[in-house]
Amino acid sequence: GQQVKQSSPSLTVQEGGISILNCDYENDMFDYFAWYKKYPDNSPTLLISVRSNVDKREDGRLTVFLNKSGKHFSLHITASQPEDTAVYLCAAGDTEGADRLTFGKGTQLIIQP
Amino acid sequence: EAAVTQSPRNKVAVTGGKVTLSCNQTNNHNNMYWYRQDTGHGLRLIHYSYGAGSTEKGDIPDGYKASRPSQENFSLILELATPSQTSVYFCASGDRLGQDTQYFGPGTRLLVL
């Protein structure tokens, strides 16, 4: 089954609003969580990551929230801008296991001016 | 800046033919990865490697082989290409999960006719 799930294939937000992207995972051993951003015809790049010893991490307009009991993490983007329009991929991994990530299917974020 | 390069960038192959996709990294990372990206599937891990001489199966290894002859190079081999292997392939390099991000190459667009 899918170990990392992004249930929303797409999300449209007005410019200046808050974009909230969600990700659910199944594996209890996952303790590393990341969000990657991908523009069309470009490669994914890391936006922000968090370990399971914290439940929140902020970096500028980006905040990751981790809910371990609910096996859920989310990315909040404040003051959303048209250049935030991209595909956002969540990923998770087990730092005590294989050095690999499991990715979700991605959410297309569209910021409307 | 971390550097991962892939060749070729575009490839057209015939069904039943052999295809080799090459990846080179100058990051001195121990780990390297091959993913494919398809609409509706996100990034799926095909094979990965922990160092020269090592290859590990990812989530969708069937129909693919991998070779890691050196720290810098990691190849993905399709011995008998099929149209279902038409996709965009990304190579990535990284170190211990959580200690560094995965850096992705620019991708190879493969069309199997």
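Model, not experiment: these values are computed from the prediction. (Residues numbered from 1 in each chain as written. Chains lettered and ligands numbered in written order. Predicted model: local features only at pLDDT ≥ 70, side-chain atom pairs only at ≥ 80, totals over all residues. Heavy atoms only, no water.)

How should the state of the cysteines be read in this particular structure?
Formally, a disulfide is one covalent bond, and it connects the sulfur atom of one cysteine to the sulfur atom of another. Tallied over the entire structure, the rule returns 2 disulfides over all chains. Bridging Cys-23 of chain A to Cys-90 of chain A, the disulfide has an S-S length of 1.9 Å. Between Cys-23 of chain A and Cys-90 of chain A, the disulfide has an S-S torsion of 60° and is therefore right-handed. Of this pair, Cys-23 of chain A sits in strand β3 (residues 19-25) while Cys-90 of chain A sits in strand β9 (residues 86-93); the two residues are 67 residues apart in sequence, bridging distant segments of the chain. Accessibility assignment for this pair places Cys-23 of chain A and Cys-90 of chain A in one class, buried. Between the sulfur of Cys-23 of chain B and that of Cys-91 of chain B lies a disulfide, 1.9 Å long from S to S. (Disulfide = S-S within 2.5 Å. Helix = DSSP H or I, 4+ residues; strand = E, 2+ residues; numbered from the N terminus. Buried < 20%, exposed > 50% of the residue type's maximum accessible area, 1.4 Å probe, protein only.)

Explain the interface of chain B and chain A to me, please; I cannot follow it from the model alone.
Interface size is often expressed as the accessible area that is lost when the parts come together. Contacts between the two partners involve 24 residues from chain B and, on the opposite side, 21 residues from chain A. Across the interface of chain B and chain A, roughly 1800 Å² is buried in total on both sides, 54% from carbon and sulfur atoms. When the area that chain B buries against chain A is broken down by residue, the three leading residues are Leu-43, Leu-97 and Phe-104 of chain B, summing to 31%. Here chain B and chain A share 3 salt bridges between them. Where Arg-109 of chain B meets Asp-41 of chain A, a salt bridge forms, and the shortest distance between an N and an O atom there is 2.9 Å. Contributions of two or more residues to the side of chain B that touches chain A are made by β4 (31-38) and β5 (42-49) of chain B. Looking at the side of chain B that touches chain A, its residues break down into 10 nonpolar, 10 polar and 4 charged. (Contact = heavy atoms within 4.5 Å. Buried area = accessible area lost by both parts, 1.4 Å probe. Salt bridge = Lys/Arg side-chain N within 4 Å of Asp/Glu carboxyl O. Nonpolar A, V, L, I, M, F, W, Y, C, P; charged D, E, K, R; others polar.)

Mind showing me how you'd approach the sheet that holds strand β7 (residues 62-67) of chain A here?
Consider a sheet: its strands pair through backbone hydrogen bonds, and that pairing is either parallel or antiparallel. Residue and element names in this part refer to chain A. Spatially, 5 strands are ordered β1-β3-β8-β7-β6 in an open sheet, and the strand pairing comes out antiparallel. Of all strands in the sheet, those with a lone pairing partner are β1 (4-5) and β6 (56-59), marking the two edges. Here 2 bridges tie β1 to β3, and the two strands are oriented antiparallel to one another. Note on β3: the bridge partner recorded for Lys-5 is Asp-24. (Pairing = 2+ DSSP bridges.)

How should the pattern of salt bridges be read in this particular structure?
A side chain with one charge can pair with a side chain of the opposite charge if their charged atoms come near. Counted according to the given criterion, the structure contains 10 salt bridges over all chains. In this structure, Lys-5 of chain A and Glu-26 of chain A form a salt bridge, with 3.4 Å as the shortest nitrogen-oxygen distance. With Lys-5 of chain A in strand β1 and Glu-26 of chain A in the loop between β3 and β4 (32-38), this residue pair connects regions lying 21 residues apart in the sequence. The shortest N-O distance in the salt bridge between Lys-65 of chain B and Glu-79 of chain B comes to 3.6 Å. Taken together, the residues Lys-65 of chain B in strand β7 (residues 65-67) and Glu-79 of chain B in the loop between β8 (73-78) and β9 (87-94) connect sequence positions 14 residues apart. Assessed through its relative accessible area of 46%, Lys-65 of chain B is described here as partly exposed. Using a relative accessible area of 33% as the deciding quantity, one classes Glu-79 of chain B as partly exposed. Members of the salt-bridge network, linked through shared partners, are Arg-36, Asp-38 and Arg-44 of chain B.

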